[in-house]
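Next come the chains, spelled out residue by residue.
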Amino acid sequence: MSVDAGFLIEALIKIIIVFHVVLIILAYTVLAERRVLAVIQNRLGPNRVGTFGLLQPFADLLKFIMKEDLIPMAVNKYLYLLAPIVTLVPAFMVMIVYPFGPTVRIPYFGQVDLYVTRLNIGLLFVFALTSLGVYGIVLAGWASNSKYSLLGGLRSSAQMVSYELSLSLSVIGAVMQSGSLDLVEIVKNQSGAWGMGWHLFWFQPIGFAVYLISAIAETNRVPFDLPEAETELVAGFHTEYSAMKFAMFFLAEYANMFTVSVIATVLFLGGWNGPFVEQLPWLGLVYFFAKVFFFLFLYIWLRATLPRFRYDQLMNFGWKFLLPVALLNIVISAAIGVLTF
Amino acid sequence: MEILFFLFGAIAVVAALNVILQRNPIYSAIGLIVTLCSLAGLFLTLSAQFIAAIQIIVYAGAIMVLFVFTIMLLNVRSEESKVDRQKFLRWLAVPLFLALLGEVYYVVRTVNNPPLQIPATGAAPPAEILGTVESIGREMFTSYLLPFEATSVLILMAIVGAMLLARREKEVDAAKRQAPTAEPEEETVAIGPGH
């Protein structure tokens, strides 16, 4: 296999652009969460830094950097320092396969694909990396040497392993329908004039529902935020973390939210597909981000609406309801696939 | 590509040594995770993308999580006391090591002498389709159907066995709880569906 320099440079430029765009989006998701929660709870939210509080993310970042970086005495130092890195790196590595948009023409440059790369195992790549993210949480819980952290870490690993099963099984139906694990191929398979090719409408509503619920549990968000249940565990696995290391956990959580939103968009809502994308390829970016932002808004909405599950309810729901439904969905999808071919 | 092979190979060997040399089980577990991840890298250089992804998802992402989980739950500090009791194992180690070395030598020799052909018969398919999901799936459900089904049955048996064991434990627990004089047991954490 020869590696040509042009490909490397193009990929590098794309990675830099994608990395920064995603970082900015994550920062503003945090702000959006605070503002939307405020609106729902009938208060103002952060609106002092810049117009409408738009500079708040940068103020927060500055605060995280300037704060004293505490390392408690009783912690296992190496693992304590390793844990945030282990959480953050896989969360950001997956972004190289996000299919942001179709191939577009850039003047004076030529045809450019609006994704860093495409892998024929794209979806498996995403699942492989997200499944590594759990180690950061487990190690953080163990290395902190605190009962709250340990309980948070244990809960989290049990929860993530359980819901990862139904998460992976729920997408199999969509994969069967597109006949590929390549995210770009899956998106192309759903092209239709007015969103009528989406997998959501073509026999995957059950898969979509199971995916969405498992994804929320997998990212430890409300109503499945047991690992960091404030009233029981202070802050769960990141109780002992401060300053930038806490910020890394925080960022990884939002990066994971973004990832599952992207995968939901790609697998079920047709990715960049929408009206007039064939004529105006740049519109694909708009549709893509609109769909992803819808899912991010859904996360915030849920957080403002729902109470937390109890732990046994969470486990029963995952193993005794979601998993069988996901399996059933595979059977139904396979039957439909056999009948329609 | 060869640089990548040596890089991943070196990481795998160092991490594997780390697994057996560390006293603290959690460091050993981390070493094993690193080994598995670099093995996935090696699979990628052999254009076996599917195997690489499954390697990480199944071994690093699921099995090792349970290992780490168990180590944390039991809070095993370090394995020191039990070593003395198993001194006879040291005498067993030398012949086993020699046998393993012989095996490695034999494999390397047989691979080197006639150049290795990945599919035993016929022409080799191009590298692009060698390790894809399609080719592996087709092989698995045609040429290797019997081993595949046998493995499935084996795993099913393991699941049933695990359920049986978990169930029996639960009954014992219930019996213990009913005994009125039972002391409050040492702290246990209710985790997972089994408890």
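Residues numbered from 1 in each chain as written. Chains lettered and ligands numbered in written order. Predicted model: local features only at pLDDT ≥ 70, side-chain atom pairs only at ≥ 80, totals over all residues.

### As for the overall build of chain A
Consideration 1: In terms of helices and strands, chain A carries twelve helices and two strands.
Consideration 2: At 21 Å, chain A has a C-alpha radius of gyration in line with the 20 Å of a compact globule built from 341 residues.
Consideration 3: Dimensions along the principal axes, computed over C-alpha positions, put chain A at roughly 60 × 50 × 50 Å.
Consideration 4: Across the 341 residues that make up chain A, the buried fraction comes to 46%.
Consideration 5: Considering only contacts within chain A whose residues lie at least 6 apart along the sequence, 78% involve residues at least 24 apart. (Helix = DSSP H or I, 4+ residues; strand = E, 2+ residues; numbered from the N terminus. Rg over C-alpha atoms; globule rule 2.2 N^0.38 Å. Buried ≥ 20, exposed ≤ 12 C-beta atoms within 10 Å, placed from the backbone. Contact = placed C-beta atoms within 7 Å.)

### Looking at the interface of chain A and chain B
Consideration 1: In this complex, chain A contributes 24 residues to the contact, which on the side of chain B involves 22 residues.
Consideration 2: For the side of chain A that touches chain B, the elements supplying multiple residues, two or more each, are α4 (122-143), α5 (147-170) and α12 (311-340) of chain A.
Consideration 3: A per-class count over the side of chain A that touches chain B returns 19 nonpolar, four polar and one charged. (Nonpolar A, V, L, I, M, F, W, Y, C, P; charged D, E, K, R; others polar.)

### Things to note about the nonpolar core
Consideration 1: Ranked by size, the top nonpolar core spans 116 residues in total, and within it A:Leu124, A:Val138, A:Leu139, A:Ala264, B:Ile33, B:Ala53 and B:Ile56 carry the most contacts.
Consideration 2: Looking at this core, the element that brings in the most residues is α4(A), giving 16 residues.
Consideration 3: Beyond its immediate stretch of four places on either side in the chain, B:Ala53 contacts A:Ile121, A:Leu124, A:Phe125 and A:Ala128. (Core = buried A, V, L, I, M, F, W, Y, C linked by C-beta atoms within 7 Å.)

### Section: unusual backbone geometry
All names here are of chain A.
Consideration 1: Although it is not a glycine, Asn42 sits at a positive phi angle of roughly 60°.
Consideration 2: Counting through the fold element by element, Asn42 comes out in the loop between α1 (5-40) and α2 (56-66).
Consideration 3: Of note in the backbone geometry, Asn220 takes a positive phi value of approximately 60° without being a glycine.
Consideration 4: By secondary structure assignment, the location of Asn220 is in the loop between α8 (205-218) and α9 (230-233).
Consideration 5: Taking the C-beta count within 10 Å as the criterion, Asn220 has 24 such neighbours and is therefore assigned buried.

### Some thoughts on the pairing of strand β2 (residues 110-113) of chain A
Residue and element names in this part refer to chain A.
Consideration 1: Direction of pairing for strand β1 (residues 103-106) relative to β2: antiparallel, over a ladder of four bridges. Residue pairing for β2: Thr103 is matched across the bridge by Asp113.
Consideration 2: Hairpin geometry of β1 and β2 is characterised by an intervening segment of three residues between the two adjacent antiparallel strands and by a positive phi of about 65° at Tyr108. (Pairing = 2+ DSSP bridges.)

### Overview of helix α3 (residues 77-93) of chain A
In an α-helix, one turn spans 3.6 residues; hence positions three or four apart end up facing the same way.
Residues and elements named next belong to chain A.
Consideration 1: Helix length check: α3 (17 residues) gives 25 Å between terminal C-alpha atoms against 24 Å at 1.5 Å per residue, within 8%.
Consideration 2: The largest bend in α3 is about 25°, located at Ala83, with the proline Pro84 one to four residues further on.
Consideration 3: Those residues of α3 not exposed but buried are Leu79, Tyr80, Ala83, Pro84, Val86, Thr87, Leu88, Pro90 and Ala91. (Expected span 1.5 Å × (residues − 1). Bend = angle between axes of the 7 residues up to and from the residue.)

### Things to note about the confidence of the model for chain B
All names here are of chain B.
Consideration 1: Mean pLDDT over chain B: 76, with 68% of residues reaching 70 or higher.
Consideration 2: Contacts from residues 118-122, a stretch scored under 50 in pLDDT, to residues over four places away or in other chains number three contacts.
Consideration 3: Here residues 181-195 is modelled with pLDDT under 50, and outside its nearest four sequence neighbours on either side it reaches 14 contacts, counting other chains as well.
Consideration 4: The ipTM for the predicted assembly is 0.79, set against a pTM of 0.80. (pLDDT = per-residue confidence, 0-100.)

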